[in-house]
Amino acid sequence: MIKAPTGTNDILPDRIPLWRYVEEHARKQCALYGYREIRTPIFESTQLFVRSIGEVTDIVEKEMYTFQPKVERSDNPAKENSRESFTLRPELTAPVVRAYLEHHLDREQKSQKLFYLGPLFRHERPQKGRFRQFHQLGVEALGFSNPLVDVEIINLAQSFLKTIGLDGCVLKINSIGCPECRTGYRNVLRKYFAGHKDQLCANCRERLDRNVFRILDCKNKQCYEIAARAEPINNSLCAGCRTHFDAVLAGLEKNGLSYQLDHHLVRGFDYYTRTIFEITHSALGAQDAVGGGGRYDNLIAELGGSPAGATGWALGLERIILALEAVKNSNLIIQPDKLKVFVASVTQELGSESFALVSELRKKNIAADMDYEGRSLKAQMRLANKQEVSYVIILGPEELTKNAVKLKNMQSGQESEVQRDDLFDLFLKKNMI
Ligand code: AMP
């Protein structure tokens, strides 16, 4: 039997209500803060990710699903052989910035607050909370340099997580400065890691010259331990970055948002500048990050726009759902979609009568269904019970001659004969329409 690819998940109907619960709250919270939804393609030009995330990063070096269509159809035959390379999106910040610039949203209004919900793809080693296809909710505040916007997006993430009932999240925050601060810091790091070269993994030994910052987020245990003892960048922050970071922390405090300073916090993308943060939850185990984000003040210009500050985050939906299930918040009530009415018929010949009634119910916005498999009345009642419907309407030849039906209240078990013409008035009274 063909199975789903390793590291991917089917979200089966029973679990959909929980997903929808999270997604609907996400949309509501984002709207509350003035963020509008954007949807971009599942795949993009490979170059978009190489240029934004950075060539010497785990994602670009090892984790991208990249492909070249065999023949590219184009109106221009000369282009047919250009064989552009595409990549399934491993993150959504760069695609959102691309769309913002491509559609000149920046000209309409430079500062734009956007959010997205959707799947991403990374060729990682699957484990609990780490998949090859996963979903993120993300926000991007484009064209904003004000530190208060960093506070706003953190506030949005925290209030969203709280609203859905995920208490106990921890915010870790750091500043990684700007390219100016990093010039001096690069040398500090090179010198430090050169002193531990023999203990670093082969990848990091190579990164020493190519992109020393990426050693800081190597997943290899020994590299991680060495990196944890490196001097943090905070000592090298320039005056502008320090002022910005102080303003972010003051804003968090003023708004009652607790945080933990983590001077060793780094993120696995090259585009980050200044504020970076991660939100963790202890119920998740080894992969404890629910989400993360930060500023990327140079990305808009790097992708061809005029220089403008920006900040954003992404939360992993699978991890949110895992954590929600682990904390078992008793206030969390998720209503599955249920049928209201099941129309059962005493004899198979009444099938078309049932069908007409089911159609009428649906037209009146009452979720209804019937049996198409010729089940006995008893089996139909069992099915209705299993589907947890509120009412069963039973059509029988005897009642039909009187233009009536039998109505069974499945909760009380009470049965009554109702004139067909009165049926909808009755439902109206019971607030079913
Ligand atoms: P990142 O885009 O790497 O900053 O990740 C942001 C969030 O997305 C993480 O904190 C996780 O919650 C989630 N995430 C990242 N990679 C994966 C993955 N491979 N599987 C599941 N969730 C992921």
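Remember, predicted model here, so these are calculated numbers, not experimental data.

Student: Mind laying out the side chain of asparagine 234, listing which residues take part and the relevant values?
Tutor: Looking at the element boundaries, asparagine 234 is found in the loop between α9 (221-228) and α10 (239-254). Setting aside chain neighbours within four positions, we find asparagine 234 in contact with Asn174, Ser175, Arg242, Phe245 and His263.

Student: Residue-level account of the pairing of strand β14 (residues 391-395), with values.
Tutor: Judged by how many residues are buried, β14 sits mostly within the fold: 5 of 5 residues are covered. Residue alternation in β14 divides its side chains into two sets, Tyr391, Ile393 and Leu395 and Val392 and Ile394, and both sets are buried. Bridge analysis of β14 against strand β15 (residues 404-409) gives 4 bridges, and the strand direction is antiparallel. When the sheet's bridge partners are listed, isoleucine 393 is paired in β15 with leucine 407.

Student: Provide a residue-level description of the site of the ligand, including the pertinent values.
Tutor: In the vicinity of the ligand, 15 residues are found, and the nearest of them are Arg122, Glu124, Phe131, Arg267 and Val290. The contact in question runs from an oxygen atom of the ligand to an N or O atom on the side chain of arginine 122, over 2.8 Å. One of the backbone N or O atoms of phenylalanine 131 is found 2.8 Å from a nitrogen atom in the ligand. In isolation the ligand has 480 Å² of accessible area, and contact with the protein removes 91% of it. Counting only elements with at least two residues in the shell around the ligand, the list comes to β6 (133-142), β10 (289-295) and β11 (310-316). Per-element tally for the shell around the ligand: the top contributor is β10, with 3 residues. For the shell around the ligand, the per-class residue count stands at 6 nonpolar, 4 polar and 5 charged.

Student: Could you give an account of the pattern of salt bridges, naming the residues involved and the relevant values?
Tutor: Side-chain pairing between opposite charges can occur once the charged atoms of the two side chains come close. A complete count under the given rule lists 27 salt bridges for this structure. Close ionic contact of lysine 221 with glutamate 225 constitutes a salt bridge, the shortest N to O distance being 3.5 Å. Of this pair, lysine 221 and glutamate 225 both sit in helix α9, 4 residues apart, roughly one helical turn. Two residues, aspartate 297 and arginine 295, come together in a salt bridge whose shortest N-O distance is 2.7 Å. Its relative accessible area of 18% is what places aspartate 297 among the buried residues.

Student: Give me the lowdown on the packing of helix α1 (residues 16-32) against helix α12 (residues 317-327), citing residues and values where you can.
Tutor: At a minimum axis separation of 11 Å, α1 and α12 run at an interaxial angle of 115°. Classed by the angle they form, the pair α1 and α12 counts as roughly perpendicular. Crossing hand, α1 versus α12: right-handed. Mapping the contact onto sequence places Leu18, Trp19, Tyr21, Val22 and Glu23 in α1 and Leu317, Glu318, Ile320, Ile321, Leu324 and Glu325 in α12. Residues belonging to the contact of α1 with α12 are distributed by class as follows: 8 nonpolar, no polar and 3 charged.

Student: Mind laying out the sheet that holds strand β1 (residues 36-37), listing which residues take part and the relevant values?
Tutor: Strand order across the open sheet formed by 8 strands is β1-β5-β6-β11-β10-β9-β7-β8, with mixed pairing between neighbours. Unpaired on one side and paired on the other, β1 and β8 (260-261) mark the two borders of the sheet. Alignment of strand β7 (residues 169-175) against strand β9 (residues 273-281), held across 7 bridges, turns out to be antiparallel. Looking at β9, one finds that valine 170 is bridged to threonine 280. Here helix α4 (residues 93-102) sits on the sheet and contacts β5 (112-121) and β6; the angle it forms with β6, its principal contact strand, is near 45°.

Student: Residues and numbers for α10, please.
Tutor: An α-helix turns once every 3.6 residues. As a result, residues three or four positions apart point the same way. Between its first and last C-alpha atoms α10 spans 22 Å; for 16 residues at 1.5 Å apiece the expected length is 22 Å, and the two agree. Buried residues of α10: Cys241, His244, Phe245, Val248, Leu249, Gly251 and Leu252, and no others. The buried residues of α10 occupy one face: seen down the axis, they fall within an arc of 160°. Pointing more than 90 degrees away from the buried face of α10 are the exposed residues Ala239, Thr243, Glu253 and Lys254. Glycine 256 occupies a position one or two residues after α10 and carries a positive phi of about 65°.

Student: Provide a residue-level description of the pairing of strand β16 (residues 415-419), including the pertinent values.
Tutor: As defined by bridge partners, β15 adjoins β16 across 5 bridges and the pair is classed as antiparallel. Considered in β16, the bridge of valine 405 is made with valine 418. Between β15 and β16, which pair antiparallel and follow one another directly, the connecting turn spans 5 residues, one of which, glycine 413, has a positive phi of 85°.

Student: Give me the packing of aromatic side chains: which residues, what numbers.
Tutor: Following the criterion strictly, the structure yields 11 aromatic pairs and no others. An angle of 65° between the planes, with centres 5.7 Å apart, marks the rings of tyrosine 271 and tyrosine 296 as edge-to-face. Here tyrosine 296 lies in the loop between β10 and α11 (299-302) and tyrosine 271 lies in the loop between β8 and β9, a separation of 25 residues in the sequence. Take tyrosine 296: its relative accessible area is 1%, and that puts it in the buried class. In this structure, arginine 182 is placed above the aromatic ring of phenylalanine 213, and the distance from its NZ or CZ to the ring centre is 5.9 Å. For the cation-ring pair, lysine 364 lies above phenylalanine 424, with the distance from its terminal atom to the ring centre recorded as 4.6 Å.

Student: Which residues make up the side chain of aspartate 297, and what values go with them?
Tutor: Considering the arrangement of structural elements, one finds aspartate 297 in the loop between β10 and α11. Reaching out from aspartate 297, the side chain makes a polar contact with the backbone nitrogen of alanine 310 at a distance of 3.1 Å. Here aspartate 297 is in contact with Thr273, Arg274, Ala308, Gly309 and Ala310, once residues within four sequence places are set aside.

Student: Break down the domain arrangement of the protein chain for me, with residues and values.
Tutor: Looking at the protein chain, the domain boundaries give domain 1 (13-178 + 238-327) and domain 2 (341-429). Each of domain 1 and domain 2 has a C-alpha centre, and these two points are 49 Å apart.

Student: Quick one: what's the story with the sheet that holds strand β2 (residues 43-45), residue by residue and with numbers?
Tutor: If you walk across this open sheet you meet the 3 strands as β2-β4-β3, and the pairing is antiparallel. A strand with exactly one partner marks an edge of an open sheet, and here the two such strands are β2 and β3 (66-67). In this structure, β2 lies alongside strand β4 (residues 86-88), joined through 3 bridges in antiparallel fashion. Looking across to β4, one finds that serine 45 is bridged to phenylalanine 86. The sheet contacts of helix α2 (residues 46-53) involve β2, β3 and β4, and relative to β2 the element is tilted by about 75°.

Criteria and thresholds
Residues numbered from 1 in each chain as written. Predicted model: local features only at pLDDT ≥ 70, side-chain atom pairs only at ≥ 80, totals over all residues. Heavy atoms only, no water. Helix = DSSP H or I, 4+ residues; strand = E, 2+ residues; numbered from the N terminus. Contact = heavy atoms within 4.5 Å. Buried < 20%, exposed > 50% of the residue type's maximum accessible area, 1.4 Å probe, protein only. Pairing = 2+ DSSP bridges. Near = heavy atom within 4 Å. Polar contact = N/O pair within 3.5 Å; in protein donor to acceptor, adjacent residues only side chain to side chain. Areas by Shrake-Rupley, 256 points an atom, 1.4 Å probe, with all protein chains shown as cover. Nonpolar A, V, L, I, M, F, W, Y, C, P; charged D, E, K, R; others polar. Salt bridge = Lys/Arg side-chain N within 4 Å of Asp/Glu carboxyl O. Axes fitted to C-alpha atoms, helices over the stretch in contact; angles between N-to-C directions. Parallel < 35°, antiparallel > 145°, perpendicular 65-115°, else oblique. Left-handed = near helix turned anticlockwise from the far one by under 90°. Expected span 1.5 Å × (residues − 1). Arc of directions from axis to C-beta. Phe/Tyr/Trp six-rings, centres within 6.5 Å; stacked < 30°, edge-to-face > 60°. Lys NZ or Arg CZ within 6 Å of the ring centre and 35° of its normal. Domains from an automatic or database assignment.

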